[in-house]
Amino acid sequence: MAHPKKAVIIGAGVAGIATAVFLAQKGILVEVYEKNANSGGRCGQMIQDGHRFDLGATILLMPSIYRQVFASLGMDMDRELETTSLEPVYKLFFSDGTDFAFTRDKERMKSQVEAIEPGSFKHYERYVKEGYDFFNLAKLGLLGRNFNHLFQFINFKNVDLLIKLKTWIRHTNYIKRFFKDPHLQMAFTFQNIYVGQNPYKQPAFFSMLPGAEIAEGALFPKGGMHRVVEKLMSTAIDLGVEFKFKKPVSKIIINIKKTEGILLEDGTIVNADLVIANADLPYVYNELLPGSKLSDRLKKKEYSCSAMVFHWGVDKVYPQLDHHSVFLNDPYKEGMEKIFNEKSVSSNPSFYIHAPVRTDKTAAPENQDTLSVIVPVGHVEDKAGQDWQQLKQSTREGVIRRLKEAGLTDIEEHIKFETCYLPKTWESYCNVTNGSVFGSLSHTILQMGYFRPHNRHDKYKNLYFAGGSTHPGNGIPLVLLSAKLTSERILNDLQSIL
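Cut-offs used in this document
Residues numbered from 1 in each chain as written. Predicted model: local features only at pLDDT ≥ 70, side-chain atom pairs only at ≥ 80, totals over all residues. Heavy atoms only, no water. Helix = DSSP H or I, 4+ residues; strand = E, 2+ residues; numbered from the N terminus. Rg over C-alpha atoms; globule rule 2.2 N^0.38 Å. Buried < 20%, exposed > 50% of the residue type's maximum accessible area, 1.4 Å probe, protein only. Contact = heavy atoms within 4.5 Å. Areas by Shrake-Rupley, 256 points an atom, 1.4 Å probe, with all protein chains shown as cover. Lys, Arg positive; Asp, Glu negative; His and termini not counted. Charge placed at Lys NZ, Arg CZ, Asp CG, Glu CD. Patch = residues over 30% accessible without salt bridge, like charges linked within 9 Å, V, L, I, M, F, W, Y side chains within 5 Å. Salt bridge = Lys/Arg side-chain N within 4 Å of Asp/Glu carboxyl O. pLDDT = per-residue confidence, 0-100. Pairing = 2+ DSSP bridges. Axes fitted to C-alpha atoms, helices over the stretch in contact; angles between N-to-C directions. Arc of directions from axis to C-beta. Polar contact = N/O pair within 3.5 Å; in protein donor to acceptor, adjacent residues only side chain to side chain. Expected span 1.5 Å × (residues − 1). Phe/Tyr/Trp six-rings, centres within 6.5 Å; stacked < 30°, edge-to-face > 60°. Core = buried A, V, L, I, M, F, W, Y, C linked by side-chain atoms within 4.5 Å.

### Considerations on the overall build of the protein
A tally of helices and strands in the protein yields 17 helices and 19 strands. Scaling as 2.2 N^0.38, a compact globule of 498 residues should have a C-alpha radius of gyration of about 23 Å, and the protein matches this with 22 Å. Taken along the three principal axes of its C-alpha coordinates, the protein extends 70 × 55 × 50 Å. Of all 498 residues assigned to the protein, the portion counted as buried reaches 60%. Sequence separation of 24 or more characterises 73% of the internal contacts of the protein that already satisfy a separation of 6 or more. As displayed, the protein offers around 19900 Å² of accessible surface, 50% of which is attributable to carbon and sulfur atoms. One finds the centroid of the 60 positive side-chain charges in the protein at a distance of 7 Å from the centroid of its 55 negative side-chain charges.

### Observations concerning a negative patch on the surface
Together, Asp 96, Asp 330, Glu 334 and Glu 337 give the surface a local cluster of negative charge. Residue position: Asp 330 is located in the loop between β15 (324–328) and α14 (332–340).

### Things to note about the confidence of the model for the protein
Residues at a pLDDT of 70 or more form 91% of the protein, whose mean pLDDT is 90. In this model, residues 149–156 is a region of pLDDT below 50 whose contacts with residues beyond four sequence positions or in other chains number 15 contacts.

### Description of the sheet that holds strand β12 (residues 269–271)
Here we have three strands laid out as an open sheet, ordered β10-β11-β12, and antiparallel in their pairing. At either end of the open sheet lies a strand with only one pairing partner, and these are β10 (249–255) and β12. The mean inter-strand angle of the sheet, taken between neighbouring strand axes irrespective of direction, is 30 degrees.

### Thoughts on the pattern of salt bridges
One pass over the structure, following the stated rule, counts 22 salt bridges. With its nearest N and O atoms 3.4 Å apart, the salt bridge here joins Glu 412 to Lys 404. A residue is classified by how much of its surface remains accessible, and Glu 412, at 40% relative accessible area, is partly exposed. Under the relative-accessibility criterion, Lys 404 is labelled partly exposed at 35%. The structure contains a network of salt bridges with shared partners spanning Arg 396, Lys 404, Glu 412 and Glu 418.

### What to know about the sheet that holds strand β7 (residues 99–102)
Pairing is mixed in the open sheet, where seven strands are placed in the order β7-β6-β15-β16-β17-β14-β18. Two strands close off the open sheet at either side, each with one partner strand: β7 and β18 (415–421). Across the sheet, the mean angle from the axis of one strand to that of its neighbour is 20 degrees, orientation sign disregarded. Pairing geometry for β15 and strand β16 (residues 351–354), over four bridges, is antiparallel. Paired with Val 326 across the strands is Tyr 352, a residue of β16. Across the sheet, helix α16 (residues 423–430) lies against β14 (306–314), β17 (369–377) and β18, angled at about 95 degrees from β14, the strand it touches most.

### Some words on helix α4 (residues 106–116)
When α4 is considered as a whole, its buried residues turn out to be Met 109, Gln 112 and Val 113. Along the long axis of α4, the arc covered by the buried residues comes to 90 degrees, so they all point the same way. Opposite the buried face of α4, by more than 90 degrees, sit the exposed residues Glu 107 and Ala 115. At the N-terminal end of α4, a side-chain oxygen is found 3.1 Å from the backbone nitrogen of Glu 107, two or three residues along, and the residue is Asp 105.

### So, helix α1 (residues 14–25)
For α1, spanning twelve residues, the distance from its first C-alpha to its last is 17 Å, which sits close to the expected 16 Å at 1.5 Å a residue. Most of α1 sits inside the fold, with eleven of its twelve residues counted as buried. For α1, the full list of buried residues reads Val 14, Ala 15, Gly 16, Ile 17, Ala 18, Thr 19, Ala 20, Val 21, Phe 22, Leu 23 and Ala 24.

### Description of the packing of aromatic side chains
Each pair of aromatic rings is reported with the distance of its centres and the angle of its planes. Taken as a whole and judged by the stated rule, the model has 24 aromatic pairs. Considering the side-chain rings of Tyr 285 and Phe 465, the 5.3 Å spacing of their centres and the 15 degrees angle between planes classify their relative orientation as stacked. With Tyr 285 in helix α12 (residues 281–288) and Phe 465 in strand β19 (residues 463–465), this pair connects stretches of sequence that are 180 residues apart. Judged on exposure class, the residue Tyr 285 and its partner Phe 465 are both buried. Judged by centre distance (6.5 Å) and plane angle (85 degrees), the ring pair of Tyr 421 and Tyr 429 falls under edge-to-face. Judged by relative accessible area, which is 11%, Tyr 421 ranks as buried. Residue classification places Tyr 429 among the partly exposed residues on the basis of a relative accessible area of 23%.

### Overview of the nonpolar core
Counting 107 residues, the largest nonpolar core has Phe 100, Phe 188 and Leu 232 as the members making the most contacts within it. Residues within four places of Phe 188 in sequence aside, it is in contact with Phe 100, Phe 102, Met 109, Tyr 124, Tyr 127, His 171, Ile 175, Phe 179 and Pro 210. If you look at the next biggest cluster of nonpolar residues, it comprises 27 residues, including Val 345, Val 373, Val 375 and Leu 422.

Put into structure tokens, the structure is as follows:
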């Protein structure tokens, strides 16, 4: 009888663990090697003095994709996770003191948009419908399938799809077809930042983000987003997957056109029939593989922005804040330019706050608050002359000033402790290139589909990739799809590559 194949996975992020489940279900022996003490990577968790913080994603978006991938893993998402549908999805605060509930309640949304711009509700409905149509079209023809060669991506059918997806018009120009009011324009385009992008530069089909939020809702799992990781881990362990923590990998062992396994930093060699890298793909090419033209090309690619995150344990609850509160501050466009052009951050930054106690009382001690302040900032770039300690101070001052304007006048006196994650923290903690925490490679049209780094190495045929910097892209829903697509490719390839 043939011996079962052995796969090693580098990194216990969401895509790494999900890939482990897919492969273990098919009888492949799987070992996962993780450099940190805990699983989850950028979907990790921190607990301090009874306050629980999600380190990365704070909201379960595009639940249809979670349900699809969980079902293909033999899991029922709605049974595995105890979720609340957030209503509103978030509350927006503008510099002039006005606010706006990003709500799925039709009548509430109608009264808000009509008060701001009379006659605009019908445009809102058309924008959401088109955005959700983009989402479903993209899921079917672009995001939810493998592209094994160029002409599967560039053909008449797909060129037609790319035209339908409005890839030729920028999101901030497209929104002007629907709303004249600058606040409404901001409210329905800022979501590009979820995947680390500038809405002034990226295409209109990213209107699928607000479209999917309204159409499908946004969920929050009791216990935080790390529950997604815990459920996947539990399933993987039940299938016999072995997890090895505090085991950083120093290189992937190559023999001509194949990988034979991995070398750990402690000198241990781990042999394997397959290697799947869930570590950030540019990092793998630059640090774990021999130098190549692709590793040089990757350095020249466009990278997403980073984030400065302040985690605060607070000894009182602030009713002004919703589960998610988004502060879009003027001058807004110049703020985006600071992030994406200057690789810095405005002294009056836009940011959002995650306050999970609104939905899940277990996130903090009674009558206290757990607040995460997420500030999009430029990614690490040596030639930008970034002084992160100085930027941290000015950013914190800008956040506190804005919160005081919003009525949180005594916020500083009630912060019991603070932990701050800077772009350099993401770079070292997660080995994410340039600290681009939203998923290092940006989603430009020339970095999507077949043009995104492939999920199988072009030369080493038993080396695969799963995660945000390979196809289909960034964000937990897409890295779950990445695990599914990579696993399908491995199972299709198994006979020919070994």
